[in-house]
Amino acid sequence: MKIKRVGVLGCGLMGSGIAQICAQAGYDTIVREVSNELCERGIGGIGKQLGKAVEKGKLAAEDRDATMGRLRGTTDLADLKECDIIIEAVVENLDLKNEMWRTLDGVCGPETIFASNTSSLTIADMAAATKRPERMVGLHFFNPVPVMKLVEVVKTIATDPQVFQTAFDFAASLGKEPIVCKDNSGFVVNLLLVPYMMDAIRALEQGVATIEDIDKGMRLGTGYPMGPFTLSDFVGLDTLDKIGDIMYNEYKEKRYASPPLLRRMISLGYFGRKSGKGFYDYSGPEPKVMDLGI
Ligand code: CAA
């Protein structure tokens, strides 16, 4: 099956990154948001990202214009009816996702592949809401999408092998390095990353070392580009908590459960970079370690 037209659900951080790389790879891309304002904000953000690349001399102005010409926003799910693949990147709420899949099931042709960028829900739980479970896969991208090379391509026990291969080849055509994953909550990366980030918070609670030193230890000791607290703030503490909850419910293992400190921070609106406060305070020119009274 040849993919020509791509639909993206959601134009937030992940959705806009996915829409950007699809349009850059030459696909006609239509991205759906709930309001015109969110569409404009998301697509405007892509324009800014590409503009920066032009300024740095990393992208030709004509390529930026051609990419922007392949991108279109809509608020109407029915506008995605011609798409060959639809990639969902909305909030981690199964009911909301499945409501969209049910609508699209009625709108799209029988060949359209449905793909979810979920980080912790299972693909089977979405496939079950559609009349095309064999055409449902996971395509899990990493933040920032234009930079991170990995895509986890997820097959359920019902995915048609040809559909899986098409999705895998499509991910490679975006300039990414796909890996094959089973439909376990958290796939490969979050299965290992989430307990690591939760353990860092538990180490902090236990007074093993300071935020700065734990981050420094993991950066300089293992070569990670960001320490666990910088990374947690980058991912979003509310997102980390939500992913952890879903994985805890799946496996009933304590290592996925949010430590009390994470819960308290979320209650107080410390969501990490996006809210200006997390393990670091982002209000100044440089991030400053937060005093969490530990
Ligand atoms: N969008 C597009 N490009 C971006 C970007 C963004 N949001 N942020 C940085 N970049 C680009 C920069 O423009 C720069 O490009 P050039 O080299 O072409 O100039 C390049 O990335 C490097 O950026 P910086 O020099 O500003 O900063 P850096 O070297 O510290 O890299 C980073 C930034 C790529 C984010 C790096 O710190 C990193 O890899 N961090 C770890 C990120 C990570 O682990 N992501 C996965 C999170 S988990 C997840 O996403 C899955 C989940 O389900 C929770």
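Draft legend 1. The overall build of the protein, seen in detail. When you go through the protein residue by residue, the secondary structure sums to eleven helices and ten strands. Scaling as 2.2 N^0.38, a compact globule of 294 residues should have a C-alpha radius of gyration of about 19 Å, and the protein matches this with 20 Å. Each principal axis of the C-alpha distribution contributes one length, and for the protein these read about 55 × 45 × 35 Å. Taking all 294 residues of the protein together, the buried fraction comes to 48%. Within the protein, contacts between residues at least 6 apart in sequence are counted, and of these 66% link residues at least 24 apart. Working note: accessible area of the protein is about 14300 Å², and carbon and sulfur atoms make up 52% of it.

Draft legend 2. Highlighting unusual backbone geometry. The omega torsion of the bond from Asn-143 to Pro-144 falls at -5°, within 30 degrees of zero and hence cis. Tracing the sequence through the fold places Pro-144 in the loop between β6 (136–141) and β7 (150–155). For Phe-187, which is not glycine, the phi torsion reads 50° and is therefore positive. Along the chain, the position of Phe-187 falls in the loop between β8 (177–182) and α7 (189–205). Exposure remark for Phe-187: the relative accessible area of 3% places this residue in the buried category. Of note, Lys-252 is a non-glycine position whose phi angle comes to about 55°, a positive value.

Draft legend 3. Spotlight on the sheet that holds strand β3 (residues 71–74). The sheet built from eight strands is open, its strands ordered β3-β2-β1-β4-β5-β6-β7-β8 with mixed pairing. Since the sheet does not close on itself, it has two edges, and those belong to β3 and β8, each with one partner. Between one strand axis and the next, the sheet turns by 25° as a mean value, whatever way the strands run. In the packing of helix α2 (residues 36–55) onto the sheet, contacts are made with β2 (28–32) and β3, and the angle to β3 comes to roughly 165°.

Draft legend 4. Inspection of the nonpolar core at higher detail. Core analysis: the biggest nonpolar cluster contains 34 residues, and Val-6, Ile-18, Ile-85, Ile-87, Leu-139, Phe-141 and Phe-170 have the highest contact counts within it. Contributing elements (two or more residues each) for this core: β1 (5–9), α1 (13–24), α2, β4 (85–88), β5 (113–116), β6, β7 and α6 (161–173). In terms of residue count, α1 provides more of this core than any other element does, six residues in total. If we skip the residues at most four places from it in the chain, Ile-18 touches Val-8, Ile-87, Ala-89, Asn-117, Phe-141 and Val-145. If you look at the next biggest cluster of nonpolar residues, it comprises 27 residues, including Phe-234, Leu-237, Ile-266 and Met-290.

The rules behind each value
- Residues numbered from 1 in each chain as written.
- Predicted model: local features only at pLDDT ≥ 70, side-chain atom pairs only at ≥ 80, totals over all residues.
- Heavy atoms only, no water.
- Helix = DSSP H or I, 4+ residues; strand = E, 2+ residues; numbered from the N terminus.
- Rg over C-alpha atoms; globule rule 2.2 N^0.38 Å.
- Buried < 20%, exposed > 50% of the residue type's maximum accessible area, 1.4 Å probe, protein only.
- Contact = heavy atoms within 4.5 Å.
- Areas by Shrake-Rupley, 256 points an atom, 1.4 Å probe, with all protein chains shown as cover.
- Pairing = 2+ DSSP bridges.
- Axes fitted to C-alpha atoms, helices over the stretch in contact; angles between N-to-C directions.
- Core = buried A, V, L, I, M, F, W, Y, C linked by side-chain atoms within 4.5 Å.

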